[in-house]
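Descriptive structure summary
Chain by chain, the residues:
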Amino acid sequence: MDRRSAIKNITLSFGTITLSTGILSMIQSCQTNSTDWSSKFFSLAQIIFLDRILEIIIPETDSPGAKSLKLVRFVDAYLYKNFRTAEQEFVLSTMQDFMNMILESENISSVSDIDDPIIEKYFSLHIDNENIIAQDGNNYSQICGLFREMAVRSYKLTEYVLTNKLGYVPIPGYYDGNVDI
Amino acid sequence: MENNFDAIVVGTGVSGGWAAKELTEKGLKTLVLERGRMIKHIDDYHTANINPWDFEGGNTITQDARKKQPKQSRTGYVNREDSRHFFVNDLEHPYNDDANKFNWIRGYHVGGRSITWGRHTYRLSDLDFEANLKDGIATDWPIRYKDISPWYDYVEQYIGVQGRSEGLSHFPDGKFLKPFELNVLEKHMRERISKNFSDGRILSNARTAHVTEGTKPGLGRVACQYRNRCMRGCPYGAYFSSNSSTLPAAEATGNMTLMPNSIVHEIIYDDDNKKAKGVRVIDTINKQSYDYFAKVIFLCSSTVASTSILIQSKSNRFPNGLGNDSGELGHNIMDHHFQVGASGKFNGFKNKTTYGRKPAGYYIPRFRNIGGVTNRKDFIRGYGYQGGANRGFMSIGDSKEEMVSYGPRLKEIIVQPNEWTASMGAFGEILPYHDNNMELDYNKKDKWGLPTVTFNATIRENEISMRKDMKEQAEEMLEKSGFTNVSGHESKYTFGNGIHEMGTARMGHDPKTSVLNKFNQVHSVKNVYVTDGACMTSSGCQNPSITYMALTARAANHAVDELKKQNI
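Given the structure is predicted, the values throughout are model-derived calculations rather than measurements.

Along chain A, the regular secondary structure elements total nine helices and one strand. In chain A, buried positions account for 48% of the 181 residues. Pairs at least 24 apart in sequence give 68% of the contacts found in chain A among residues at least 6 apart.

Here is the structure:
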């Protein structure tokens, strides 16, 4: 990632997020001219946060989870390419509010300093919780639901899952309509 | 470049490819003009081998596609990332549908919609050819099934069509290759529908233009590999496209000159000799205008484009467009209305699944208004269903049964096989209403200075009544086949969304009420043939492309005979 755009991405994160050594090392990776991947939609801080939420939803077990499968890249690309402007603005602002809320509630200054159990605590509070949804004027439940939908969608589109779990074969060669499971 | 030929073919889609093949194989030096860019079979199918995980962000209709293809996007599927390059940029190719929305869905390239079509092929029967006469509607077809039947045989045997013979006169059997197998649930549905309905309705295998055994002529056309990526162009040539089949045949004769990037906008009429003598073309690259001449001209550029060329071909003899003595040119536009049907879940075959991705499921042929107890009071004509049954995988909703919101157990659940589901959607006939029409707006021109098309078409009471029955019958068939959670669906149909627009230069006996005669010749200009969807006198409910192919092959052979006899 270009150093200038990396800094630009961070300053877009509404000022309450400060750098930690983790993010600094990510920027420093720019100096190696790494062209591995750079986000188009989320800020750097948001990417770090989202990556961890996705791993909570689809964790590493005896098979790869969200981090190993780099699901955050799909989600970033999907929202960038497919969501309408108003939808994108909603996602970014609601996600930022959610992150800010966690930081303020836990008196933490940096996204990368939040422990995973803390993120999970807030995610599980807002996902599928009818009471929260009823009183939730902050749309946190919606954004958590979107995280989960994107996690599942992206998981089931990875090469690993399609070929190892869902029986996808690029060139089947024939059709059998009566296969014993 | 030479500009005199024996024949000119305008368009390279389903009809144009056939005209090119037949005319060149009969020895005619033929100029084939295509307004779009070249697409070479296999070389230019850039997305043919892309796997689902290779699409960054998924295979979707992106915001960029919506901006550049706002009208193509209305279909909800044609311009996903894997196929958007085969559909027009609406901003560069505008049309007008302010009065009533019209979805004119197409691409401009060699092969046209023969690359992206749905590949379903169902013959018309005399039930269709006699319908206008019996109902006292529009005008009678000037042909009957016996006239076209040998040509259906001819084209089907050449291109390869898979399907199952059923012995129904209103659903004529073809020259079939072995059918795509029905899966366990589809076979169950076939048995149940046959048993539970006394009106003779059946569930059959869908009939599609796929090679399922052996090979077919063309550029190495072999059997389907069950990838279900047809719309991207098939590197196996396993389904029919002009690019893999008819155009290579034409090229092999040495008699074809293929010119992409050539917009035909007018037929040049020779007032003295009272026949067409050529076409006027704009080169899309250098924007220059050229004239090409031939003894016979085939308009195969698709319904709207062919009709547009005729309308633009004004002269002292034809002030309202070439061949438009009847005033019917541009009128009677039809399509197939659809987006109505039902789906359901099936609690059985729990230990069964499928392997491979067949590109077609089942078809339920028309069972309404075919005589006796099937005749309705609330609508005339009929509809057929396309559908399929499959077994997907669980979703987030399925995890809620276990109160699992996320984590290891969700990860396990979402890759478990789900219950079997099936769905079916009907395609229904639209009657030829004179005031459903297209016309040209000379005040709104495109970037080549040509008038743009204005559409004005709606479905009426007959179609609306039919849609009610389409939904109810879909629900009933699923329920009687043992499905649960049966849910009917109906989305608002926008005219043209069936992508079967047709009828605007219809065939008929009488030049006062039709544009073309029984051989697809313009009544008053017999060396001009129109064999694409524009020629259709009624729409039937059957996917029409095989009919266009058969009519084109028939007309091309007629043209060659007429040339030999010096009748044209």
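With that settled, the discussion passes to the overall build of chain B. Within chain B, the secondary structure is distributed over twelve helices and 20 strands. For 568 residues, the compact-globule formula gives about 24 Å, and the C-alpha radius of gyration of chain B, at 24 Å, lands near that figure. On the principal axes, the C-alpha backbone points of chain B span a range of 80 × 55 × 50 Å. A buried classification covers 63% of the 568 residues belonging to chain B. Here the analysis covers contacts within chain B between residues at least 6 apart in sequence; of these, 72% occur between residues at least 24 apart.

All names here are of chain B. Note that L177 resides in strand 4 (residues 176-177). Owing to a relative accessible area of 14%, L177 belongs among the buried residues under this scheme. Along the primary structure L177 and E156 are separated by 21 residues, whereas in three dimensions their C-alpha atoms are 9.5 Å apart.

With that settled, consider the interface of chain B and chain A. Between chain B and chain A, the contact holds 45 residues from the first and 50 residues from the second. Note on chain B versus chain A: buried area summed over both sides is about 4200 Å², and carbon and sulfur give 58% of it. The largest contributions to the chain B side of the interface with chain A come from W53, Y355 and K411 of chain B, which together make up 20% of the buried area. For the salt bridge of E81 of chain B with K81 of chain A, the shortest nitrogen-to-oxygen distance reads 3.3 Å. Inspection of the chain B/chain A interface yields 30 residue pairs in polar contact (both at pLDDT 80 or more). Elements with a contribution of two residues or more to the side of chain B that touches chain A: helix 2 (63-68), strand 12 (352-355), strand 14 (383-393) and helix 10 (408-413) of chain B. A total of four residues in the side of chain B that touches chain A trace back to one element, the largest contributor, which is strand 12 of chain B. In terms of strand pairing, strand 1 (residues 176-180) of chain A meets strand 12 of chain B through three bridges, oriented antiparallel. Directly across from V179 of chain A, in strand 12 of chain B, lies its bridge partner T353 of chain B.

Turning next to the pairing of strand 15 (residues 417-429) of chain B. All names here are of chain B. Pairing of strand 10 (residues 336-337) with strand 15 involves two bridges; the strand directions are antiparallel. By the bridge assignment, H337 is partnered in strand 15 with G428. Two strands pair when backbone bridges link them, and strand 11 (residues 340-346) and strand 15 are joined in this way by six bridges, in the antiparallel orientation. When the sheet's bridge partners are listed, K345 is paired in strand 15 with T421. Here strand 14 runs beside strand 15; their pairing, made up of ten bridges, is antiparallel. Residue pairing in the sheet places G384 in a bridge with F427 of strand 15.

One side chain can pair with another of opposite charge once the charged atoms of both are near each other. Residue and element names in this part refer to chain B. Scanning all chains against the criterion turns up 47 salt bridges over all chains. In this structure, K146 engages D147 in a salt bridge whose closest nitrogen and oxygen atoms are separated by 3.4 Å. With a relative accessible area of 65%, K146 lands in the exposed category. The class of D147 is partly exposed, set by a relative accessible area of 24%.

As a general rule, the predicted coordinates of low-pLDDT regions are not to be interpreted in detail. All names here are of chain A. Residue-level pLDDT values for chain A average 82, and 78% of them are 70 or greater. For chain A, the element scoring lowest by mean pLDDT is helix 1 (residues 3-11), at 31; helix 9 (residues 159-164) scores highest, at 98. Below pLDDT 50 for its whole length, residues 1-34 participates in 43 contacts with residues either more than four positions away or in separate chains.

Here we come to the side chain of S125 of chain B. Examined against the element boundaries, S125 of chain B turns out to sit in the loop between helix 2 and helix 3 (126-129). Contacts of S125 of chain B, omitting those with residues within four sequence positions, involve Y145, S169, H170, P172 and Q542 of chain B.

We now examine the nonpolar core. In this structure, I8, I159, I267, V279, F455 and M549 of chain B are the most contacted members of the largest nonpolar core, which totals 104 residues. The next biggest cluster of nonpolar side chains, apart from the first, holds 55 residues, and it includes F49, L79, Y140 and I143 of chain A.

Residues and elements named next belong to chain B. The buried count for strand 1 (residues 4-10) comes to six of seven residues, which makes it a mostly enclosed element. Sheet topology places strand 1 next to strand 9 (residues 289-299); six bridges connect them, and they run parallel. Paired with V10 across the two strands is L299, which belongs to strand 9. With four bridges joining them, strand 1 and strand 2 (residues 30-33) adopt parallel strand pairing.

In this section: helix 12 (residues 545-564) of chain B. Residues and elements named next belong to chain B. The end-to-end C-alpha separation of helix 12 is 29 Å, in line with the 28 Å expected for 20 residues at 1.5 Å each. Of all 20 residues in helix 12, 18 are buried, a share of seventy percent or more. Of the residues one or two after helix 12, Q566 is the one with positive phi, at around 60°.

Attention now goes to helix 6 (residues 184-196) of chain B. When the terminal C-alpha atoms of helix 6 of chain B are compared, their 18 Å separation across 13 residues agrees well with the 18 Å that a helix rising 1.5 Å per residue should span. What helix 6 of chain B keeps buried is the set V184, L185, E186, H188, M189 and I193 of chain B.

All names here are of chain B. Packing of helix 1 (residues 14-25) against helix 12 brings their axes to within 8 Å, and their N-to-C directions diverge by 30°. The angle between helix 1 and helix 12 places the two elements in the roughly parallel class. With respect to the hand of their crossing, helix 1 and helix 12 are arranged in right-handed fashion. Contacts between helix 1 and helix 12 pair V14, S15, W18, A19, E22 and L23 from the former with S545, Y548, M549, T552, A553, A556, N557 and V560 from the latter. Residues that form the contact of helix 1 with helix 12 fall into these classes: nine nonpolar, four polar and one charged.

Leaving glycine aside, a negative phi is the common case for residues, and trans is the common case for peptide bonds. Residue and element names in this part refer to chain B. The phi dihedral of N332 is positive, around 65°, even though this residue is not glycine. Secondary-structure assignment places N332 in the loop between helix 8 (303-312) and strand 10. The residue Q566 is not glycine, and still its phi comes out positive at about 60°. When you line up the elements, Q566 lands in the segment after helix 12.

Take the confidence of the model for chain B next. Across chain B, the average pLDDT comes to 97, with 100% of residues at or above 70. For this predicted complex, the interface score ipTM comes out at 0.94, while the overall pTM is 0.94.

Disulfide: a covalent bond formed between the sulfur atoms of two cysteine residues. Considering all chains together, one arrives at zero disulfides over all chains under this definition. You can see C224 of chain B has no disulfide; the closest cysteine sulfur is in C230 of chain B, sitting 6.1 Å from it.

Right, let's talk about the environment of A65 of chain B for a bit. You can see A65 of chain B is positioned in helix 2. Taking C-alpha positions, A65 of chain B is 27 Å from S545 of chain B, a pair spaced 480 residues apart along the chain.

Calculation notes
Residue indices begin from 1 for each chain and proceed along its sequence in written order. As a convention, the first chain written is A and the first ligand written is 1, with the rest following in written order. Where local features are concerned, this predicted model is filtered to residues with pLDDT of at least 70; where side-chain atom pairs are given and counted, the filter is 80 or more; whole-chain, interface and lining totals use all residues. Computation of side-chain values: all heavy atoms of the structure, hydrogens and water removed. Going along the chain from the N terminus, every DSSP run of H or I of four or more residues is numbered as a helix, and every run of E of two or more is numbered as a strand. Burial here depends on accessible area, computed with a 1.4 Å probe over protein chains only, as a share of the maximum for the residue type. Under 20% is buried, over 50% is exposed, and the range in between is partly exposed. What makes two residues a contact is simply this: any of their non-hydrogen atoms within 4.5 Å. C-alpha atoms define the radius of gyration, and 2.2 Å times the number of residues to the power 0.38 defines the globule rule. Each of two parts loses accessible area, computed with a 1.4 Å probe, when they are put together; buried area is these two losses added. A side-chain nitrogen of Lys or Arg and a carboxyl oxygen of Asp or Glu constitute a salt bridge if their distance falls within 4 Å. Between N or O atoms, a polar contact is any pair within 3.5 Å; within protein, one atom must be a potential hydrogen donor and the other a potential acceptor, and residues adjacent in sequence are included only when both atoms are from side chains. Strand pairing is assigned whenever DSSP detects at least two bridges linking the two strands. pLDDT is a per-residue confidence score from the predictor, ranging from 0 to 100. Nine residue types can take part in a nonpolar core, namely buried Ala, Val, Leu, Ile, Met, Phe, Trp, Tyr and Cys, and a core is a set of them joined through side-chain atoms within 4.5 Å. Take the number of residues in a helix, subtract one, and multiply by 1.5 Å to get its expected span. Fitted lines through C-alpha atoms serve as axes, helices being fitted only where they are in contact, and the angles separating the N-to-C directions of these axes extend from 0 to 180 degrees. To sort the angles, those under 35 degrees are grouped as roughly parallel, those over 145 as roughly antiparallel, those from 65 to 115 as roughly perpendicular, and the leftovers as oblique. Note on convention: the crossing is left-handed when the near helix lies turned anticlockwise from the far helix by less than a right angle, right-handed when the turn is clockwise. The nonpolar class holds Ala, Val, Leu, Ile, Met, Phe, Trp, Tyr, Cys and Pro. Asp, Glu, Lys and Arg form the charged class, and all remaining residues, Gly among them, are polar. For the purposes of this analysis, a disulfide is any pair of cysteine sulfur atoms at a distance within 2.5 Å.

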